[in-house]
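Fold and geometry: a report
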Amino acid sequence: MKLSFLNSLPTDPKDLATNGGIIIAMKPTVHAWLLRQNIAAQNTLPYFSNVSHESALLSSDAAAQWLRAEAKFLETTFGIEYAYREMFIFLTRFAIHYCLWVIDVVQHAIDRHQPTGLFASCQSSRPAGSFYIESCENYLVKLVRIIAQQRGIPFKIVRSEENSVSGKFRMAYSLLRGILKSGHPMLATARYKWLKKRFPKRKKILYTTTAYQMDLVIEDLKSGFPNVDFELLAESPLIPSRRLPPQWDAFQTFVAKLRQNSPPFSYLGVPFGDLVAQKIEDNIAPYLVGYLRSTPFLDQWLDLLEPAAVLTNANRADDKLLAELCRKKGIPNIVISHGSHISPKNDFERIEWGEHGKQFLSAPYSHIALQSPIAEGYIGAYKPDALTLKTGPLIWGRKIKRVRDLPLDFGAEKIVLHAGTPKITSSLRFQIYETPDEYIQSLKDLSNVILKMENVRLVIKFRPMEEISIETLTTLLPDSPKITIETKQTFRDSLSRADLLVSFSSTTIEEALQNQIPVLLYGGNGRYQHIPAQRVKKGVPLSKSALYFAPDFSDLEFAVRGILALSPRFDEKIFEPYIYGESQRESLLGKIL
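Heads up: these notes are all about the structure in this document.

A short note on the packing of helix α4 (residues 82-113) against helix α11 (residues 319-329)
Their axes nearest at 8 Å, the elements α4 and α11 cross at an angle of 160 degrees. It follows that α4 is roughly antiparallel to α11 by the angle criterion. Judged by the sense of rotation from one axis to the other, the crossing of α4 with α11 is right-handed. When α4 is examined against α11, the residues Tyr82, Ala83, Tyr84 and Met87 are found in contact with a partner set consisting of Lys320, Leu321 and Glu324. Classifying every residue of the contact of α4 with α11 gives 5 nonpolar, no polar and 2 charged.

Here it is in structure tokens:
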């Protein structure tokens, strides 16, 4: 029996028929395509279990600690340390996680099926267009080949279609888009010099983006502080480069050490340090050198503008650079995170939320805006060196209009809204987020439950991504008028109609709680509970609650029916623990200006 692993579409489907055996689709898009070709295939769920999440995360943590101890290539002119180190580890972990995931899936599939031959999809190797691992880099083929050699199993490649857009073109397009968006840095410098000369005594507040509803925050602040100028800070140019000899030489020395396959870079007996080293050399190191070279622009702009404070939502790549510079210059730097941050409930959550938080609340900001009491749990667990401001919702969780008369009105039907944040295979986060296949399975489970219920509709708030397209969903999910895939409306509009939100791990959970809409936590084979909730067990009556947790598919229908029957929507008392009251809320800038 032969075993094939595909992460891209085969050039000739007949090759698969010739190979025979079992086909494992490594991405939902590939799985859906195979099914449309009437080719039987499996996804990765049977081979990457909850135990796999834990095992891979422990290996990832060991690798991250090794990186922190061994990475000695920090630029020192501006005294920056945290931003460079943590950005490097943040990007490198994506490559590490991809290798861990592939190794785990392949090893467990081989153990289960005992194949006589292994196959893996292979494209013509081309440069990647980002610091994420891409199919054109053929990491899947490289890892399967290593495992085949170790186990003495014959191995062949399956020729696959190539992405029509080259990596170099995508990189060039990304750089051009950045320049068009922010303008040439010298133009920004000229503008800031003019502002300093024209309005020398006016207080200035800088903000770093208008994304994630930051524009609404700024509009509110402008109304409250009419005598303050609010200025959108230009983005420093992050142009990948190998032309900074001291830093590039340091990267080369580090990569050479990593290629020795130190113990943290071996998993289930498979070494992968050389592959991670290659990704660092090809994409991550040039990006980080560009990151280093962007620092002088931020430093100069802060000196020119002399802001009273800087506001960010941690969306920009240079936000941590900016935070560290602000701290050194004594400038208040306030983060209003666009994510949800919770208190870890076990060691596995502590690892991943800890790494996640290093890009957000644990970065060197002077102040942290707490948008809900839930974030206090994170502060207590990780103790970031910053002051906190209990602001209540600012960029998420704003009050919505409770209406049903907007477009796509569903009349008297109860609306179950699903909104999730799956991580594609090139940016996996073990334990606390769903893999693409886990996300699809959650949608399948929920769809099958809704199809059994009268006067209930499932609305899937969906953002198309590389590994899950609308066509993928329509192929893999039941075809029914009771299921709506929503891609155009804002989440706020979708939430305004919902009687129940279902999610695994997402900021949408907190948005629902802020608007007094109950939440059912479901997915990932019950391994993770984003926020402590009432546990659902089939047959045990439910009580009114803001949050419920269904650990298993056998509990899901009972949970949905029970929650909709109780109708806890808008019951203010049960939502109080998750919402700051008006008397608790603090001004974002009142203590600073």
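Some remarks on helix α10 (residues 273-305)
In a regular helix each residue adds 1.5 Å, so 33 residues correspond to 48 Å; α10 covers 44 Å between its end C-alpha atoms and thus fits that length. When the local axis directions of α10 are compared, the greatest deviation, roughly 50 degrees, occurs at Ile280. A large share of α10 lies buried, amounting to 25 of its 33 residues. Downstream of α10 by one or two residues, Glu306 has phi in the positive range, about 45 degrees.

Digging into the pattern of salt bridges
Under the defined criterion, the tally for this structure stands at 29 salt bridges. In this structure, the salt-bridge partner of Glu352 is Arg93, at a minimum N-O distance of 2.9 Å. Separated by 259 residues along the polypeptide, Glu352 in helix α12 (residues 347-357) and Arg93 in helix α4 bring together distant segments of the chain. Between Arg527 and Glu438 there is a salt bridge whose closest N-O contact spans 2.9 Å. Of this pair, Arg527 sits in the loop between β17 (519-521) and β18 (534-535) while Glu438 sits in helix α14 (residues 436-450); the two residues are 89 residues apart in sequence, bridging distant segments of the chain.

A look at the side chain of Glu511
Looking at the element boundaries, Glu511 is found in helix α17 (residues 507-514). Beyond its immediate sequence surroundings of up to four residues, Glu511 is in contact with Trp396, Gly397, Phe491 and Leu495.

Regarding the environment of Phe78
Residue position: Phe78 is located in the loop between α3 (50-70) and α4. By relative accessible area, which is 25% here, Phe78 ends up partly exposed. Placed 268 residues apart in sequence, Phe78 and Asn346 show a C-alpha to C-alpha distance of 38 Å. Leave out the neighbours within four places in its chain, and Phe78 touches Thr295, Pro296, Asp299, Leu325 and Lys328.

Some details on the sheet that holds strand β9 (residues 309-312)
A sheet is described by the order of its strands in space; here 6 strands give the open sequence β6-β5-β9-β10-β11-β12, paired in parallel fashion. Taken across any chain shown, the strands that pair with only one partner, and hence form the sheet edges, are β6 (228-232) and β12 (387-390). Each adjacent strand pair in this sheet contributes to an overall mean axis angle of 25 degrees, direction not counted. Of the strand pairs in this sheet, strand β11 (residues 367-370) and β12 are connected by 4 bridges, and their pairing is parallel. By the bridge assignment for β12, His367 is matched with Leu387. Helix α8 (residues 214-224) rests against β5 (203-207), β6 and β9 of the sheet, and its axis sits at about 145 degrees to β9.

Describing the nonpolar core
Membership of the largest hydrophobic core comes to 88 residues, with the highest contact counts inside it found for Phe5, Phe88, Phe272 and Ile280. It is α4 that provides the largest number of residues to this core, a total of 18 residues. In terms of nonpolar packing, the next biggest core, distinct from the first, is built from 31 residues, Ala32, Ile450, Tyr548 and Ile563 among them.

A look at the state of the cysteines
For the coordinates displayed, the defined rule picks out 0 disulfides. Counting only cysteine sulfurs, Cys136 is the nearest neighbor of Cys122, a cysteine outside any disulfide, at a range of 11 Å. When its relative accessible area of 11% is taken as the criterion, Cys122 is described as buried. With a relative accessible area of 2%, Cys136 lands in the buried category.

Some thoughts on the sheet that holds β17
Read across the open sheet, the 7 strands follow the order β15-β14-β13-β16-β17-β19-β18; overall the sheet is parallel. Both edges of this open sheet fall to β15 (483-486) and β18, since each of them pairs with a single strand only. Its contacts with the sheet put α17 on β13 (414-419), β16 (500-503), β17 and β19 (547-549), and the angle it makes with β16 is roughly 160 degrees. On top of the sheet, helix α18 (residues 553-566) reaches β13, β14 (456-461), β16, β17 and β19; it is set at about 170 degrees to β17, its chief contact.

Details of unusual backbone geometry
Not every positive phi belongs to a glycine, and Gln114 is a case in point at roughly 50 degrees. Mapping Gln114 onto the fold places it in the loop between α4 and β3 (117-122). Given a relative accessible area of 55%, Gln114 falls into the exposed group. For Gln516, which is not glycine, the phi torsion reads 60 degrees and is therefore positive. Tracing the backbone shows Gln516 in the loop between α17 and β17. Overall, Gln516 belongs to the buried group, its relative accessible area being 7%.

What counts, and where the lines are drawn
- Residues numbered from 1 in each chain as written.
- Predicted model: local features only at pLDDT ≥ 70, side-chain atom pairs only at ≥ 80, totals over all residues.
- Heavy atoms only, no water.
- Axes fitted to C-alpha atoms, helices over the stretch in contact; angles between N-to-C directions.
- Helix = DSSP H or I, 4+ residues; strand = E, 2+ residues; numbered from the N terminus.
- Parallel < 35°, antiparallel > 145°, perpendicular 65-115°, else oblique.
- Left-handed = near helix turned anticlockwise from the far one by under 90°.
- Contact = heavy atoms within 4.5 Å.
- Nonpolar A, V, L, I, M, F, W, Y, C, P; charged D, E, K, R; others polar.
- Expected span 1.5 Å × (residues − 1).
- Bend = angle between axes of the 7 residues up to and from the residue.
- Buried < 20%, exposed > 50% of the residue type's maximum accessible area, 1.4 Å probe, protein only.
- Salt bridge = Lys/Arg side-chain N within 4 Å of Asp/Glu carboxyl O.
- Pairing = 2+ DSSP bridges.
- Core = buried A, V, L, I, M, F, W, Y, C linked by side-chain atoms within 4.5 Å.
- Disulfide = S-S within 2.5 Å.

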